[in-house]
Amino acid sequence: MLNWRRDPGYEQRLQKLRLETEQSRERTKLIESEILRVRSESEQIEKEIEQLDRENAREKALSALIRQRCFPPESSSIPPQPLESDCGSSWS
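We now turn to the structure provided with this report. Values in this document were obtained by computation on a predicted structure and should not be read as measured data. (Residues numbered from 1 in each chain as written. Predicted model: local features only at pLDDT ≥ 70, side-chain atom pairs only at ≥ 80, totals over all residues. Heavy atoms only, no water.)

### Some thoughts on a negative patch on the surface
Here's step 1: Residues Glu43, Glu46, Glu50 and Asp53 make up a contiguous surface patch of negative charge.
Here's step 2: Relative to the helices and strands, Glu50 is located in helix 1 (residues 10-70).
Here's step 3: We classify Glu50 as partly exposed; its relative accessible area is 45%. (Patch = residues over 30% accessible without salt bridge, like charges linked within 9 Å, V, L, I, M, F, W, Y side chains within 5 Å. Areas by Shrake-Rupley, 256 points an atom, 1.4 Å probe, with all protein chains shown as cover. Salt bridge = Lys/Arg side-chain N within 4 Å of Asp/Glu carboxyl O. Lys, Arg positive; Asp, Glu negative; His and termini not counted. Charge placed at Lys NZ, Arg CZ, Asp CG, Glu CD. Helix = DSSP H or I, 4+ residues; strand = E, 2+ residues; numbered from the N terminus. Buried < 20%, exposed > 50% of the residue type's maximum accessible area, 1.4 Å probe, protein only.)

So this is what it looks like as structure tokens:
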């Protein structure tokens, strides 16, 4: 017959292991929820960036149109280059 003696620390170690396992599960759940939160925030930021890109493109187009309409090339402060035929006739 075996001479079996109960390990006096077995129940204590088993309880500690169960507690650590439960704490690990809780940490895992917290990390998973944090991942979901960050993912959601990232998606929202990406949508906002896309919106800003569209607004910037629209603003550039409008600015170009304003410059074209309000400041046509003929209104430039730089005098236009005279044509050769104009040069000869005006100085003769």
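The rest of the description comes next.
### What to know about a nonpolar patch on the surface
Here's step 1: On the surface, Leu62, Leu65 and Ile66 cluster together into a nonpolar patch covering about 250 Å² of accessible area.
Here's step 2: Relative to the helices and strands, Leu62 is located in helix 1.

### Quick look at the pattern of salt bridges
Here's step 1: Scanning the entire structure with this criterion turns up four salt bridges.
Here's step 2: Where Arg37 meets Glu41, a salt bridge forms, and the shortest distance between an N and an O atom there is 2.4 Å. Of this pair, Arg37 and Glu41 both sit in helix 1, separated by four residues, roughly a single helical turn.
Here's step 3: The partly exposed category is assigned to Glu41, whose relative accessible area is 40%.
Here's step 4: Taken together, the salt bridges that share partners define one network made up of Glu34, Arg37 and Glu41.

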